[in-house]
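Analysis of the macromolecular model
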Amino acid sequence: MDSNDHAPSAHAFVQHLIEGAFPTELFRPRHAGPEEEFIVTDAQGYAVDITPIFDDLLVKGFSPKRDAVTGALVGVRRGDLEVGMDVGRGTLEIGFPHVGNLFDHVGARADILGFVDASLANHGFTRLRDYAIQPRTPPTEKLWAPKGRGDVFRSLFPPAVHMNTITASSQVHIDVTRDEVIPALEMYLALCPVFIALNANSPIWNGAPDPNGILAARQSAWDGFTLAHGYWDNVLCGPPCVDTPRIERAPASLAELAQYLCATPFIVRVQGQSVENPGASFQSWWERESAGLTQAAQREAYLNHEATVWWQARVRVPYGTIEMRPSCQNLDAVASDALALGLVENLESTLAFIRARQSHQAWRALQTTAFKEGLRSPEMAECAQQVLALGEKGLRRRGLGEEILLSPLKTRVHDRTSPAHVKLAIFEQGGIDALIAHLLTNP
């Protein structure tokens, strides 16, 4: 297609993309697509470079996935399954196929992790099944994955950005219809502190407890990485200098969502084998550059932008999903996938609970409680119990028996114990060596 000399406004273009990505109705069971990260270590718990396992998987029929800019082998894919590395060389990332029944995922997940673990073991590596941060190796520039985007991130952000090379999350994509996008986004954004508290599992790194007493250092690090490019407190306070409005509430319409997205800084644009920081909001960049681009190039530029809008819950146009991002990796990651799925199946009641209980900013304020206390906070434990009941009701409506997958979360709430509290107790009794031994041998 020739260049588009009369491009629509940025807002109109983005809104059109979002509307086209989501169906007006789901004609099959709602799908979930888990996306998980794992810290991989050597026998002493130090960071490693997982690149060698990709060659092993190529022999098993996977296709190579190379970074568009550096050309480095950063993962492999087979069908809808992707195995790669995240921001850090020692962080394994797996994008699982989307499923209409989470029990199908449970079986497939076990099989996939089985052959991945076998490959890791061939190189003396171990995947930490129940932890969300590299426990021993300090974050440095040397740990970055060989991806072109990393060069931009390191040039824009302060050295604290290296922290993101040692973290591991458990995320999930959830199908929604076009009419559900805005209410579901409001729901998920409000409830992110609850997911953080339920799954907080990164209290010790660089061989010691987090200096700020954070139980979910993984999510705290990503909040810093966004440098207000994320949803909450959206004010850019460093280069590139962009006038970005503060977001005080969830978007009330698709048009407003498009405005929010267009107002955020356009951090990374990949063109062929080159990468750049446009140094402007997406809207400003659009006004300057879009008219000379084909519609395909315009869409690709937006997808570059969307991929670095790190809201704790965000719209994903390529998949027609909302992605929930705030949970630390932990042994029972599938339980939170089930909760996210159940809540949107019970959307109306869950939104009524959210709106009756607290304001948008009050829900945001709960994140401090989630970081510092987890489920030890009586308020958080009570709130999590109610959220689990709402999610369970939604899962029962699906009629697939998936509500049983919530059991580990119910136990945590009953015991008022986030996974981080278990790790802290082990550390307090035996230090970093005891914690490493536990993490390496945990089934």
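Right, let's walk through the structure included here. Note that the coordinates shown come from a computational prediction; the quantities given were computed from them, not determined experimentally.

Counting its secondary structure elements, the protein chain contains 15 helices and 15 strands. Relative to its full complement of 443 residues, the protein chain shows a buried share of 59%. Considering only residue pairs separated by 6 or more positions, the protein chain has 74% of its internal contacts joining residues 24 or more positions apart. Summing over all exposed atoms, the protein chain offers an accessible surface of approximately 16900 Å²; the carbon and sulfur share of this is 51%. Averaging the coordinates of the 39 positive side-chain charges in the protein chain and doing the same for the 51 negative ones gives two points 2 Å apart.

Moving on to the packing of helix α3 (residues 102-122) against helix α10 (residues 333-345). Two numbers describe how α3 lies on α10: the axes approach to 11 Å, and their chain directions differ by 160°. Regarding the angle of α3 to α10, the classification is roughly antiparallel. Regarding α3 and α10, the two cross each other, and that crossing is right-handed. Where α3 approaches α10, its residues Leu 102, His 105, Val 106 and Arg 109 are matched on the opposing element by Ala 333, Val 334, Asp 337, Ala 338 and Leu 341. Taken together, the residues of the contact of α3 with α10 sort by class into 6 nonpolar, 1 polar and 2 charged.

This part covers the side chain of Asp 210. The residue Asp 210 is located in the loop between β9 (208-209) and α6 (217-225) in this model. Buried and unpaired, Asp 210 has Lys 372 as its nearest opposite-charge partner, separated by 6.5 Å. A polar contact is formed between the side chain of Asp 210 and the side chain of Trp 205, at a distance of 2.9 Å. Apart from the residues lying within four places of it in its own chain, the contact partners of Asp 210 are Pro 203, Ile 204, Trp 205 and Ala 217.

Another aspect to go through is the packing of aromatic side chains. Using the criterion set out here, one finds 13 aromatic pairs in the structure. Members of the aromatic cluster, each reached through a chain of ring pairs, are Phe 13, Phe 266, Phe 282, Trp 285, Trp 286 and Tyr 302. When the ring centre of Trp 144 is taken as origin, the NZ or CZ atom of Arg 154, which lies over that ring, is 5.0 Å away.

Looking now at helix α7 (residues 254-263). Burial analysis of α7 places 8 of its 10 residues in the buried class, which makes it a mostly covered element. Every buried residue of α7 is listed here: Leu 254, Glu 256, Leu 257, Ala 258, Tyr 260, Leu 261, Cys 262 and Ala 263.

Looking at chain direction, strand β2 (residues 63-66) and strand β3 (residues 73-78) are connected through 4 bridges and run antiparallel. Of the residues in β3, the one forming a bridge with Pro 64 is Val 76. A loop of 6 residues connects β2 with β3, the two strands running antiparallel in sequence, and Gly 71 in this loop sits at a positive phi of about 80°.

In this section: the packing of helix α11 (residues 347-357) against helix α13 (residues 378-398). It is at 10 Å that the axes of α11 and α13 come closest, and there the two elements cross at 155°. Viewed along their axes, α11 and α13 adopt a mutual orientation that is roughly antiparallel. Of the two elements, α11 crosses α13, and the hand of that crossing is right-handed. The segment α11 lies against α13, with Ser 349, Thr 350, Phe 353 and Arg 357 engaging Glu 379, Cys 383, Gln 386, Val 387 and Leu 390.

Here the focus is the environment of Leu 341. Its location among the elements puts Leu 341 in helix α10. The class of Leu 341 is buried, set by a relative accessible area of 1%. Sequence spacing of Leu 341 and Leu 395 is 54 residues, and the spatial spacing of their C-alpha atoms is 7.3 Å. Aside from chain neighbours lying at most four places away, what touches Leu 341 is Arg 30, His 31, Ala 32, Leu 102, Ile 174, Leu 395, Arg 398 and Glu 402.

Take the pairing of strand β4 (residues 81-85) next. Along β4, 4 of the 5 residues are buried, which leaves the element largely enclosed by surrounding structure. Bridge count between β3 and β4: 4 bridges; the pairing is antiparallel. Along β4, the bridge assignment pairs Arg 78 with Leu 81. Once β3 ends, the chain turns through 2 residues before running back antiparallel as β4, passing Gly 79 with a positive phi of about 60°. Here β4 pairs with strand β5 (residues 91-95) via 4 bridges, running antiparallel. Paired with Gly 84 across the bridge in β5 is Glu 93.

With that settled, consider the nonpolar core. Core analysis: the largest hydrophobic core is formed by 103 residues, its most contacted members being Tyr 188 and Leu 257. Setting aside anything within four residues of it in sequence, one finds Leu 257 in contact with Ile 18, Val 181, Ile 182, Leu 185, Pro 251, Trp 311 and Val 315. The next biggest cluster of nonpolar side chains, apart from the first, holds 23 residues, and it includes Phe 62, Met 85, Ile 112 and Val 116.

Each value, and the rule that gives it
- Residues numbered from 1 in each chain as written.
- Predicted model: local features only at pLDDT ≥ 70, side-chain atom pairs only at ≥ 80, totals over all residues.
- Heavy atoms only, no water.
- Helix = DSSP H or I, 4+ residues; strand = E, 2+ residues; numbered from the N terminus.
- Buried < 20%, exposed > 50% of the residue type's maximum accessible area, 1.4 Å probe, protein only.
- Contact = heavy atoms within 4.5 Å.
- Areas by Shrake-Rupley, 256 points an atom, 1.4 Å probe, with all protein chains shown as cover.
- Lys, Arg positive; Asp, Glu negative; His and termini not counted.
- Charge placed at Lys NZ, Arg CZ, Asp CG, Glu CD.
- Axes fitted to C-alpha atoms, helices over the stretch in contact; angles between N-to-C directions.
- Parallel < 35°, antiparallel > 145°, perpendicular 65-115°, else oblique.
- Left-handed = near helix turned anticlockwise from the far one by under 90°.
- Nonpolar A, V, L, I, M, F, W, Y, C, P; charged D, E, K, R; others polar.
- Salt bridge = Lys/Arg side-chain N within 4 Å of Asp/Glu carboxyl O.
- Polar contact = N/O pair within 3.5 Å; in protein donor to acceptor, adjacent residues only side chain to side chain.
- Phe/Tyr/Trp six-rings, centres within 6.5 Å; stacked < 30°, edge-to-face > 60°.
- Lys NZ or Arg CZ within 6 Å of the ring centre and 35° of its normal.
- Pairing = 2+ DSSP bridges.
- Core = buried A, V, L, I, M, F, W, Y, C linked by side-chain atoms within 4.5 Å.

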